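Chain and residue survey
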Amino acid sequence: MTSTRSSTARPPGPKGRLLVGNTLDYDRDRMAFLRRCHQEYGDVFSFDDRTIVVLAPDLVHDMLARTNEDFHSESTPIATRIDPERAATDAQVWMTARRKGWHGLSRTVSHAHSARLHPLFRRTLDETGGRRVEVLDVMEQFAGRATADFCLGADSGGVPEVLTENVKAIEPLGGSSQLFPAWWPSKRIRRFLRARESTLVVITEKIRQRQASSPARPEQPQDLLDVLLAARDPELSELQVQRLLRGIMLAAYGVPASALTWLVRVLATEPELRRRVSEEAEAWPHEEAPPLSALPQTEAVIKEVLRLWPPTWLIGRTARRETELGEWRLRPNDQVMFSPYLIHRDPRWWSDPDRLAPERWLDAQASPHRHTYIPFGAGPRVCVGTQLGMIQMALAAFWLVREYEVTTEDGACPPKFQELLQPQGFTARFIPRRAGAGSA
């Protein structure tokens, strides 16, 4: 469509309140606010003078594909001015390390991680002692241990605790759309700054310890740090390794934990789906963990869980320079937000969109409309933990249905739209089927 609008035109949107704009109405019920604006103003609407919301799949894909060029994905829970050129330079540092990091999902590293993952999963669930527990807390503990193990292997001691504090320090700051500067006299901000610094210090120490103890390139890398330190052409700097490890650890902590919590809820409350996943798991004849390709029913359930409850339910990008998105012209530092949750539940793209239907992923002749399934984002900054997260979720489901009975008294568990999409108040009991399990 050729636009006839002036270069300063903004999409329509709610006027908001004097001084505070739309912030109060949005924070009161985020999803209700977005749904109401979507219905009233369409697929593109203004949140404020510098922020627009885009719910048109093709426009979202266009923006994601142009990330690192016309948009950047820098975000922070505190108010700080982002220098577009510095952000572009940082993005190049990140992408160089990231390309090397993808090799961390080589067969050797994935196999080594999967072998270590099973004891971590058992340990985490057995520590609950069969008590009624907050499932999100348990899944956060498992995700922290699993992520630290994938990145650092045998050197991961102490890292899950540091990650937990980092994520817990970020959560309160994500509860409001208002950002405050680092100097603001707030205990929450001071806690976040301390946690961020502690995480960077610990990661740097782990890198230097590995370099000192294993200066030679390992023939069989056992974790992501092995892969990153062995990288050549170009060799990665300590800063690049540090940033990639921190980015993966934080991304692969809260998001997988939230996704796993929704998955446990489905397996605990949907007997027919649990039966399908259980039969598939019981049919696996080997002791080693199965590949994802051997678990089509499980994979379909996971994909449907991620469609209905994508943990990263709202994602943002910032314009690096003056640019266009569809018929709208954006200025430098304008914000663009989009919601996988709303796109995933749009009846224009999905039949019976609010129904849990894993079978939609098992029909080889059917596929989602283009650009309408984005639980991990897309483009050059697609979530770096996508493959790792799918593997970990599939194996967790595999071991859960084979080794535990899961019971819950919580049926509804409404979604909580904060930093991540999580079920409110979901508790359950994990009862080991193994004789003597949990007695240690």
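Up top is the structure.
Residues numbered from 1 in each chain as written. Predicted model: local features only at pLDDT ≥ 70, side-chain atom pairs only at ≥ 80, totals over all residues. Heavy atoms only, no water.

**Quick look at helix H2 (residues 30-41)**
Its twelve residues place the ends of H2 16 Å apart at the C-alpha level, agreeing with the 16 Å of an ideal helix rising 1.5 Å per residue. What H2 keeps buried is the set Arg30, Met31, Phe33, Leu34, Cys37 and His38. Buried residues of H2, seen end-on, are gathered within an arc of 160° and therefore sit on one face of the element. Of the exposed residues in H2, those oriented more than 90 degrees away from the buried face are Gln39 and Glu40. (Helix = DSSP H or I, 4+ residues; strand = E, 2+ residues; numbered from the N terminus. Expected span 1.5 Å × (residues − 1). Buried < 20%, exposed > 50% of the residue type's maximum accessible area, 1.4 Å probe, protein only. Arc of directions from axis to C-beta.)

**Examining the pairing of strand S9 (residues 404-407)**
Of the two faces of S9, the one lined by Tyr404 and Val406 is fully buried and the one lined by Glu405 and Thr407 carries no buried residue. The pairing of S9 with strand S12 (residues 427-432) spans four bridges and is classified as antiparallel. Paired with threonine 407 across the bridge in S12 is arginine 429. (Pairing = 2+ DSSP bridges.)

**Regarding the environment of valine 266**
Tracing the chain through its elements places valine 266 in helix H10 (residues 238-269). Distance in space between the C-alpha atoms of valine 266 and valine 301 is 8.7 Å, their sequence separation being 35 residues. Ignoring any residue separated from it by four or fewer positions in sequence, one finds valine 266 in contact with Leu273, Val301, Val305, Trp309 and Leu356. (Contact = heavy atoms within 4.5 Å.)

**Side note on the pairing of strand S8 (residues 335-338)**
Note that strand S2 (residues 51-54) and S8 share three bridges and pair parallel. Within S8, the residue paired with threonine 51 across the bridge is glutamine 335. Sheet topology places strand S5 (residues 315-319) next to S8; four bridges connect them, and they run antiparallel. Each bridged residue has a counterpart across the sheet, and for arginine 317 the counterpart in S8 is valine 336.

Function cannot be read off these values alone, since they describe shape.
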